[in-house]
Amino acid sequence: MTSRYALRAIALGYLGLLVAGPVAMMLWATFSGGVASVWEAIARPAFLHALWLTLLIAAIVVPLNTLFGILCALVVVRHDVRGKRLLSALLDLPLGVSPVVVGLALVIVYGRRGAFGGWLAEHGVRVIFALPGMVLATLFVCIPFVAREVIPVLREIGTEQEQAARTLGASDWQIFRLITLPAIRAGVGFGVVLTAARALGEYGAVAIVSGRLTGRTETLTIHVEERFLAFDMTGAYAASLVLAALALTIFFAMHARRPAPRGGR
Amino acid sequence: MGITVRHLRKTYDGFRALDDVSVEVPDGSLTALLGPSGSGKSTLLQAIAGLEAPDSGEVLIDGQIANALPPRERHVGFVFQHYAAFKHMTVRDNVGFGLRVRKRPKAEIRVRVDELLHLVQLDGYAERYPAQLSGGQRQRMALARALAVEPRVLLLDEPFGALDARVREELRGWLRRLHDEVHVTTVLVTHDQEEAMEIASRIVVMNQGRVEQSGTPTELYEHPATEFVMSFVGKVNRVGDAYIRPHEVVICSPDRDDCLPATVDRAVMLGFDNRIELTLQGGERVWAQVTRQEMARLTPFPGQVVGVDLSRRRRPGAAEAASTSPEGAAIAAAGAIRRDRHPE
């Protein structure tokens, strides 16, 4: 009995020390200067632009990576093609590579002196220090989440339900829409949550390709650092709180939507 | 609608799943594909359904070559061993799936699903989810789902394989009655010879990707064409290079000339049919299947010396060895003629 309580105390204490404590401290620090100064911080145009840019990037990245994540998972699990293992390895690459390296790689390719960037610049397209580069960087670091959640679910459900649907006269699209997609929905949902959380919180890769131009290419995470370095603690804390609140909202929205698990075959 | 399979071949990574298989499934029949695992029976069923493409050979459904047709255009109903229930749909949506993807009106689907649920005795289960049904109920749901699209052919892949013995027995009888009611040409894959004998009007015995023999259950039992069929269909004793069914082993007096001396090892009471295990003088072991009455008359005990009459032993495909009666010769001749008709 006592050991069970001890175990719980350790688990809760660990999380409390590392997560709840700092968050509570931040909350307290944010409002220590009064509500008015917080309001002032989040009404500033630079903050509002950073918020808008962050949401815009997430709004582009999440649907794209969801679509391609499902596609990649289907190829890895259902198709018998050459290079399948390479594809599977590539899906994991962003987890192993530091975001800073990703950012630098993008600069090498798309920068003005880069292999591809020079040509693009001649045609008036700016990638680095602009939105396209930031979207590319976020896309890259978010690649694994949907596919890695969906692949084990696809493996587990097998092909029998799809074959049954086929013999009953369903077309490929009908099979995907009516059988496969509902079966992997929970996996996709969790992948979307992880992708959104990462897209909102990405710092390293985006910081390098954005050029940190306040009011132009500054996302919320970069804005937090910029305020922090400018000794505007209230501004930094307020922006951090908004970031945390966004992530929590997405997280809870997905959990509420997930159906209660049903057992059995 | 009848099915004809001609010279079908299918190889997976060098493994011959189907090796020149030809099968005839008569219109309206209930035919069993019987064989051990790896004999090619499931591959054959999937080739008929269009879920597997054969390397060569032809599948004809209702006289038309169906090789190039995708599954959806073959009008077959397929029932899987593990039900393949659509877990996220209610029983009603499962059964109505084939009609829904064919864009039939909702009201019509509703009426048809209710009819089918009644047919498979699942009235009142329409709004449940598959996880809330027992294995037997799920398989009946899968059957209703396959029947909903009015298939020309019903294909069942080990449909009772995942169920426990009692439910399996119950569903066998039920399937037989259902077939009498619906009359759709049905092909059933099974590795259980008792199941095949009980349900099917015709049996195709398969082994190592080939057809060993096809015929009615009686033909296979009475006149097995090969050693494999003899040992796979029904129980059998091997004596030298000949075979004898346990019920054909007659216990007699040891001093009769036509009887071989043997020692009783064990007598097992099982109810109606009982077994007496014996060792022949040469050390070979056989068992005899005897009725309760006979058991009471013989009162065998371990160590007892008795005689056994093995005169009905025979080699598969040959006329019964010791049978000299006109009746036996006639049966053997009939068997030979039948085998000529089925050169597989």
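Shown above is the structure to which this text applies.
Residues numbered from 1 in each chain as written. Chains lettered and ligands numbered in written order. Predicted model: local features only at pLDDT ≥ 70, side-chain atom pairs only at ≥ 80, totals over all residues. Heavy atoms only, no water.

1. Let's talk about the interface of chain B and chain A
Taken together, the contact between chain B and chain A spans 29 residues of the former and 20 residues of the latter. Taken together, both faces of the contact between chain B and chain A bury some 2,300 Å²; the carbon and sulfur share is 61%. Across the chain B-chain A interface, the total number found is 0 salt bridges. The tally of links between chain B and chain A comes to 4 residue pairs in polar contact (both at pLDDT 80 or more). Among the elements of the structure, strand 6 (76-79), helix 2 (91-101) and helix 4 (135-148) of chain B are those that each provide at least two residues to the side of chain B that touches chain A. With 4 residues, helix 2 of chain B is the largest single contributor of residues to the side of chain B that touches chain A. Looking at the side of chain B that touches chain A, its residues break down into 17 nonpolar, 5 polar and 7 charged. (Contact = heavy atoms within 4.5 Å. Buried area = accessible area lost by both parts, 1.4 Å probe. Salt bridge = Lys/Arg side-chain N within 4 Å of Asp/Glu carboxyl O. Polar contact = N/O pair within 3.5 Å; in protein donor to acceptor, adjacent residues only side chain to side chain. Helix = DSSP H or I, 4+ residues; strand = E, 2+ residues; numbered from the N terminus. Nonpolar A, V, L, I, M, F, W, Y, C, P; charged D, E, K, R; others polar.)

2. Focus on the state of the cysteines
A complete count under the given rule lists 1 disulfide over all chains for this structure. In this model, B:Cys252 is linked to B:Cys259 through a disulfide, with the two sulfur atoms separated by 1.9 Å. One disulfide, between B:Cys252 and B:Cys259, carries an S-S torsion of -135° and so falls in the left-handed class. With no disulfide of its own, A:Cys142 lies 14 Å from the sulfur of A:Cys72, the closest cysteine sulfur. Overall, the relative accessible area of 1% leaves A:Cys142 in the buried class. (Disulfide = S-S within 2.5 Å. Buried < 20%, exposed > 50% of the residue type's maximum accessible area, 1.4 Å probe, protein only.)

3. Things to note about the environment of B:Pro54
Residue and element names in this part refer to chain B. In this structure, proline 54 sits in the loop between helix 1 (41-49) and strand 4 (56-61). Note: C-alpha distance between proline 54 and arginine 314 (260 residues apart in sequence) is 38 Å. Apart from residues no more than four positions distant in its own chain, proline 54 is found in contact with Leu8, Arg9, Lys10 and Asn67.

4. Brief notes about the sheet that holds strand 13 (residues 250-252) of chain B
Residues and elements named next belong to chain B. On the basis of which strands lie adjacent, the open sheet formed by 5 strands has the order 13-17-14-15-16 and antiparallel pairing. Both edges of this open sheet fall to strand 13 and strand 16 (285-291), since each of them pairs with a single strand only. Across the sheet, the axes of successive neighbouring strands diverge by a mean angle of 50°, strand direction being ignored. In this sheet, strand 17 (residues 305-309) lies alongside strand 13 in antiparallel orientation, the contact comprising 3 bridges. By the bridge assignment, isoleucine 251 is partnered in strand 17 with valine 308. (Pairing = 2+ DSSP bridges. Axes fitted to C-alpha atoms, helices over the stretch in contact; angles between N-to-C directions.)

5. Concerning the nonpolar core
Counting 45 residues, the largest nonpolar core has B:Val95, B:Leu175, B:Ile203 and B:Val205 as its most contacted members. Here the element with the most residues in this core is helix 4 of chain B; it accounts for 7 residues. Residues within four places of B:Val205 in sequence aside, it is in contact with B:Leu34, B:Arg210, B:Val211, B:Glu212, B:Gln213, B:Leu220, B:Phe228, B:Val229 and B:Val233. Counting 40 residues, the second-largest nonpolar core is a separate cluster that includes A:Ile179, B:Ala47, B:Ile48 and B:Val187. (Core = buried A, V, L, I, M, F, W, Y, C linked by side-chain atoms within 4.5 Å.)

6. Overview of the environment of A:Leu246
All names here are of chain A. The topology assignment puts leucine 246 in helix 13 (residues 233-257). Residue class for leucine 246 comes out partly exposed when judged on its relative accessible area of 22%. C-alpha separation for the pair leucine 246 and leucine 178, spaced 68 residues apart in sequence, amounts to 32 Å. Leucine 246 has contacts with Leu51, Leu55, Leu200 and Leu220, leaving out every residue within four places of it along the chain.

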